[in-house]
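This is what each chain is made of:
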Amino acid sequence: MATAAPAGTTAAAAYASLKLHITPEKFYVEACDDGADDVLAIDRVSTEVTLTVKKDVPPSAVTRPIFGVLGTIRLVAGTYLIVITKKKKVGEIFSHAIWKATDFDILSYKKTMLHLTDIQLQDNKVFLSMLNHVLSVDGFYFSTTYDLTHTLQRLANTSPEFQEMSLLERADPRFVWNGHLLREFIAQPEIHRFATPVMHGFITMHSCSINGKCFDWLLVSRRSCFRAGVRYYVRGIDSEGHAANFVETEQIVHYKGSKASFVQTRGSIPFFWSQRPNLKYKPKPQISKSVNHMDGFQRHFDSQIISYGKQMIVNLVNQKGSEKPLEQTFSKMVNSMANGMVRYVAFDFHKECSRMRWDRLQILMDQLAEQQDEFSYFLVDSEGKIVTQQEGTFRSNCMDCLDRTNVIQSLLARRSLQAQLQRLGVLHVGQRIEEQADFEKIYKNAWADNANACAKQYAGTGALKTDYTRTGKRTQWGLIMDGWNSLIRYYKNNFSDGFRQDAIDLFLGNYSVDEVEPASPLHVKKDWKFLALPIIMVVAFSMCIICLLMAGDTWTETLAYVLFWGSASFGTFAIILYNGKDFVDAPKLVQKEKMD
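What counts, and at which threshold
- Residues numbered from 1 in each chain as written.
- Predicted model: local features only at pLDDT ≥ 70, side-chain atom pairs only at ≥ 80, totals over all residues.
- Heavy atoms only, no water.
- Core = buried A, V, L, I, M, F, W, Y, C linked by side-chain atoms within 4.5 Å.
- Buried < 20%, exposed > 50% of the residue type's maximum accessible area, 1.4 Å probe, protein only.
- Helix = DSSP H or I, 4+ residues; strand = E, 2+ residues; numbered from the N terminus.
- Contact = heavy atoms within 4.5 Å.
- Expected span 1.5 Å × (residues − 1).
- Arc of directions from axis to C-beta.
- Salt bridge = Lys/Arg side-chain N within 4 Å of Asp/Glu carboxyl O.
- Pairing = 2+ DSSP bridges.
- Polar contact = N/O pair within 3.5 Å; in protein donor to acceptor, adjacent residues only side chain to side chain.
- Axes fitted to C-alpha atoms, helices over the stretch in contact; angles between N-to-C directions.

- For the protein, the name recorded in an unreviewed UniProt entry is Phosphatidylinositol-3-phosphatase SAC1, with Corvus moneduloides as its organism.

**Points about the nonpolar core**
Here comes step 1: By size, the foremost hydrophobic cluster in this structure holds 63 residues, and its most contacted members are Phe215, Trp217 and Leu361.
Here comes step 2: Looking at this core element by element, the count peaks at 7 residues for helix H10 (residues 403-423).
Here comes step 3: Those residues within four positions of leucine 361 in sequence are excluded, and the remaining contacts are Phe347, Phe349, Cys353, Val407, Ile408, Leu411 and Tyr468.
Here comes step 4: Core analysis: the second largest hydrophobic core is formed by 44 residues, Ala77, Ala97, Phe127 and Ile504 among them.

**Quick word on helix H7 (residues 324-337)**
Here comes step 1: With 14 residues, H7 extends 20 Å from end C-alpha to end C-alpha; this agrees with the ideal 20 Å at 1.5 Å per step.
Here comes step 2: For H7, the complete set of buried residues consists of Leu326, Glu327, Phe330, Met333, Val334 and Met337. Seen along its axis, H7 keeps its buried residues to an arc of 135 degrees; they face one direction. Those residues of H7 that are exposed and angled more than 90 degrees off the buried face are Lys332, Asn335 and Ser336.
Here comes step 3: Lining the buried residues of H7 we find strand E14 (273-274), strand E15 (286-287), helix H6 (293-308), strand E16 (310-315), strand E17 (342-346) and strand E20 (392-397).
Here comes step 4: Backbone geometry just after H7 places alanine 338 at a positive phi near 50 degrees.

**Here's the deal with the side chain of aspartate 502**
Here comes step 1: In this fold, aspartate 502 is placed in helix H14 (residues 497-508).
Here comes step 2: Excluding anything up to four places from it in sequence, aspartate 502 contacts Met130, Pro587, Lys588, Leu589 and Val590.

**Some thoughts on the environment of aspartate 585**
Here comes step 1: Topologically, aspartate 585 is positioned in the loop between helix H16 (555-578) and helix H17 (592-595).
Here comes step 2: Taking the C-alpha atoms as reference points, aspartate 585 and lysine 492, separated by 93 residues in sequence, lie 9.0 Å from one another.
Here comes step 3: Aside from chain neighbours lying at most four places away, what touches aspartate 585 is Tyr233, Asn494, Phe495, Ser496, Asp497, Gly498 and Phe499.

**Things to note about the pattern of salt bridges**
Here comes step 1: In the structure shown here, the tally under the stated rule is 27 salt bridges.
Here comes step 2: The partner of arginine 415 in a salt bridge is aspartate 373, with the nearest N and O atoms 3.0 Å apart. Taken together, the residues span a long stretch of sequence, with arginine 415 in helix H10 and aspartate 373 in helix H9 (residues 361-375) at a distance of 42 residues.
Here comes step 3: Residues participating in the shared-partner salt-bridge network are Arg154, Asp172, Arg174, Arg222, Glu248 and Glu250.

**A look at the pairing of strand E10 (residues 199-210)**
Here comes step 1: Counting buried residues in E10 gives 9 out of 12 residues, a clear majority hidden from the surface.
Here comes step 2: For strand E9 (residues 140-142) and E10, the ladder comprises 2 bridges, and the chain directions are antiparallel. Each bridged residue has a counterpart across the sheet, and for tyrosine 141 the counterpart in E10 is methionine 199.
Here comes step 3: Alignment of E10 against strand E11 (residues 213-223), held across 10 bridges, turns out to be antiparallel. For phenylalanine 202, the partnering residue across the bridge sits in E11 and is serine 221.
Here comes step 4: Linking two consecutive strands that pair antiparallel, namely E10 and E11, is a turn of 2 residues; a positive phi of about 55 degrees is found at asparagine 211 within it.

**Notes on the side chain of histidine 200**
Here comes step 1: Structurally, histidine 200 can be placed in strand E10.
Here comes step 2: A polar contact of 3.5 Å, which involves the side chain of histidine 200, links it to the backbone oxygen of aspartate 138.
Here comes step 3: When neighbours within four sequence positions are excluded, histidine 200 is seen to be in contact with Val137, Asp138, Gly139, Phe140, Trp177, Ser221, Arg222, Arg223 and Gln457.

**Re the sheet that holds strand E3 (residues 38-43)**
Here comes step 1: With antiparallel pairing, 5 strands are arranged side by side in an open sheet as E4-E3-E2-E1-E5. Each edge of the sheet is formed by a strand with only one pairing partner; in this case those strands are strand E4 (49-53) and strand E5 (62-66). Strand after strand, the sheet turns through a mean of 25 degrees between neighbouring axes, direction not considered.
Here comes step 2: As paired elements, E3 and E4 share 5 bridges and run antiparallel to each other. Each residue of the ladder has a partner; that of leucine 40, found in E4, is leucine 51.

Okay, here's the thing in structure tokens:
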């Protein structure tokens, strides 16, 4: 049996205790850990970053505590420093503290904005609001001593050289959301300890007890920063094979020194397709006809096999209606690829579970059981010896990879946990997790919270179907809440997601601000119909109501007026709907073509 490397430990931990000293000329970030004398000096004029010592910090500096350096970004007014100003402890992984960053500050290098025109000032304000929007979305996590971006299995199979690397150097770039902000830090190894790699997603930790045996149970979801974005503007894959809304979810158990984990992934259907908002409740998905899908498809699964081993695709989309062509194309492409490492199962979730028949999910679980037993899970004993490794992962998807996907992932994870807890001796032979009422409640709520976190980050609202995840039953109240969340999603998808997409593209470096750019992409002139048609529709509809309330001398006269204004309002509405794409809030910073 192989011996596992110490999970997550690193010789080059990031500094945990920091002070920020501000002078008109420089920012000084002081390391306050025991025995540390390092100070990061950032020149506010030249933007040069150097290492100095505590005695070089001027006594006149304004001082405040901070909890991490997120990085730097260039906007219209020049460079900005982003720091973590508040944090909340989530818990501990193997004695390593895990934190959620709850507040940030964006500090300008420039002492004045007098060098900017009014238009530049306005643009800079918009870019700052974009950064603040991204930072306001819940789910930024970090640790100064533990590598949060890798699974237990990956950490266990690393070299001694890897263990010596700084957290920034060794982190999986897919899951470092401030990778672009730290690009200048990466180039200078001597300042790596001042950099805090931050992941985005969800983490929950619980100390649990079954049969009087105490164990830690953790759920970690890591969102990829490659092809990141919002629901309708980022679908499918890019030319590198990165899938939209790709999330790696790891379930961890820690009992008497033994550690077990089970990893699953979710990601958009991995070929080139789009589903642009157009004011309709559910825009029709469009599969691109002008590109070679197989190149990106092959790249996606090549990288998945390298990272996770065998792939079991679980496709949960509808097999009729507008989703049918996506399922058919996915199935054909898997068959065309003819790779023995990749298997495919389609399960029409909505059809099978219609009319509240959620017990039919067991059909899919039975279908996947043999594959899950073959994939196994990762287990390392209390002496650090690897007992079993996970040989493959389930790659689940629906349209958004949110609601249906999370339900299935929670069921697969429970089945794996059942096997792990029996093997560790926590569960007796014949006992089932479902019978452990206290733990079952923790388990279901954690997976529902995970669904909500992923949904808010991608779709802008909480998840649907969480009543089933929390209680094991579909309820009438759950249906009402799903309807409410669907309405909010509709509004956001059509009228605020362009800004959200721009904010993500700016934060992740998909768009870089050019200080000397004459025409900002923020200033897109709207067509005349954008303002005229809604005004005409509102006026016509108002006149129709007025005519109904204030009847004329004869009913024929009233009817004529009502028909005229009613036809005008309906006709205008039809024109608006036909030109729906012109009326939605579309992204401005990154060309739409690049995103498909």
